[in-house]
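Working through the structure, step by step
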Amino acid sequence: MKKKMKLKGSYYSSLPQRVTQNLTEDILFEILLHLLLIDTFKFHCVSKVWFSLLSNPNFLRQWYKLNGLNKSLPWGLVYTIMSHNYRLRSKFTIACPELHSRFITGHRNEFSLRFLYERLNSRKDGLYLICSSNGLVLCTTTNFNPMSYYVCNPLTKKWVSLPPPPPPREKNWVVTGFHCDVCSSSSVISTSYQVFRIPKFEPAKQFKVEIFSSDSGEWNTRQVSSPKDITWDYSSYNNVVTHNGVLYWIQKQNRILAYNFKNSSNGECCGNHCRLIDLPDVESTENEPDNDDFYYSRQCLGVSEGMICYGRITRMDMTSGVWVLDEEWKLLHKGEIPHDMLAEIESRLTGGYICDTITQVQFLGFNPVDQNVVVLGPKNNVWSYNISTQGYQQLSHPSFLATYHSSRSQMWLTFAFSLKPWPTILPPASWR
């Protein structure tokens, strides 16, 4: 009987060095570009050479350049939970497809915001995630009258605090937006970002927008004019999106305000005008009950595959519609949400509470790398739904800070936005 040969641990520990010792760093670099994203972080500990290559920002940029069109890239939906007593909690979580749950975790060496949360929590501050753009996330320490803002990248673990907004700093609610630009050439990659604050105002044809620019390191105030009265509206769902230098803001009058901040100027000069875009297929919502309040969102703006997307649920017949904005609205899908999906969602709700699932399903967001996949869900149950194949799955909730889950009935998902890991480099903070 043949004896099995036992290999010592040193054989395995030295394997990467012996395999790669005859490879130049350039060849090894090209080979590592074909790793899965989660493995590019897991293999940091293989050797000093691998750590140096895999943690190099240029490697991450090249990896995304090679794999950027892959619709299986990691993504998730970040959201805050509102409890039964209407208090917003500073704890948040992220829902993602099971395929990406190993990568999007609370582990310090992988995709997480734990590094920032622990730093702020040491000062007993809360942490609210507002929105994301090109891999950067805008955070604050309070959802009411925020004065402290932070911009971070959960992938690279880099963050920066912003200077406070300009006076007068009235204690009131503000609508907030965030935009990040990444420009690249053969040798230089530059990043800039803007933060937008729209303080509460009475219906008017002119309103104030406060804009922070990472290029100047300063806040500036612009007076924006509209062809019709604008009604300030603050909601817990995603009603503000920025894309290609334009801020889009859902209005109550079945329209979207579009403000091109790239082609506008500071102060009260000419050129600070916005345009109004009617929402699509408004006629189908005329008989809808007026329950699209602060808590239950039946509509959502988002960016997917580089396009502005608008999604809506019509609760009278439980249909979903998705449109893409390209000069004008183009219908991508409209049809009933599968009954078996609704039945499965209801069966997953716990706590012995019989709810009306139809009236509580929210339109939460879009898959940022696939326009056919939208995110729906009542309470703390989050589901992805492929409008093309009618396939669906419940999204998993990996450890992402101190998450909060409850079976109690009075629960809402609030301030949800899609997040796609991206190796965007934070520009130097010139204001420090």
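Shown above is the structure to which this text applies.
It should be emphasised that the depicted structure is a prediction, and the values quoted were computed from it without experimental measurement.

1. Regarding a nonpolar patch on the surface
A cluster of nonpolar side chains, Leu23, Ile27 and Ile31, forms an exposed patch at the surface whose accessible area comes to about 230 Å². Turning to its location among the elements, isoleucine 31 is positioned in helix 3 (residues 25–32). A relative accessible area of 45% places isoleucine 31 in the partly exposed class.

2. Focus: the packing of aromatic side chains
Enumeration over the complete set of coordinates arrives at 16 aromatic pairs. Centroid distance phenylalanine 178 to tyrosine 193: 5.9 Å. Interplanar angle 50 degrees. Geometry classified as tilted. Here phenylalanine 178, found in strand 7 (residues 174–184), pairs with tyrosine 193, found in strand 8 (residues 189–199); they are 15 residues apart in sequence, far enough to count as distant. Look at phenylalanine 178 and you get buried, because its relative accessible area is 2%. When the centroid spacing of 6.2 Å and the interplanar angle of 55 degrees are considered together, the rings of tryptophan 383 and tyrosine 392 count as tilted. Classification of tyrosine 392 by relative accessible area gives partly exposed; the value is 27%. An aromatic cluster is built from Tyr149, Phe178, Tyr193, Phe212, Trp219 and Trp431, whose rings are joined through pairwise contacts.

3. Side note on helix 3
Every buried residue belonging to helix 3 is among Leu28, Phe29 and Leu32, and all of these are buried. Within helix 3, the buried residues cover an arc of 105 degrees as seen down the axis, which keeps them to one side.

4. Thoughts on unusual backbone geometry
A negative phi angle characterises most non-glycine residues, just as the trans form characterises most peptide bonds. Positive phi, normally seen in glycine, also occurs at lysine 157, with a value near 65 degrees. Phi at glutamate 305 takes a positive value of approximately 50 degrees, unusual for a residue other than glycine. The topology assignment puts glutamate 305 in the loop between strand 15 (299–304) and strand 16 (307–314). What makes glutamate 305 partly exposed here is its relative accessible area of 38%.

Each value, and the rule that gives it
Residues numbered from 1 in each chain as written. Predicted model: local features only at pLDDT ≥ 70, side-chain atom pairs only at ≥ 80, totals over all residues. Heavy atoms only, no water. Patch = residues over 30% accessible without salt bridge, like charges linked within 9 Å, V, L, I, M, F, W, Y side chains within 5 Å. Areas by Shrake-Rupley, 256 points an atom, 1.4 Å probe, with all protein chains shown as cover. Salt bridge = Lys/Arg side-chain N within 4 Å of Asp/Glu carboxyl O. Helix = DSSP H or I, 4+ residues; strand = E, 2+ residues; numbered from the N terminus. Buried < 20%, exposed > 50% of the residue type's maximum accessible area, 1.4 Å probe, protein only. Phe/Tyr/Trp six-rings, centres within 6.5 Å; stacked < 30°, edge-to-face > 60°. Arc of directions from axis to C-beta.

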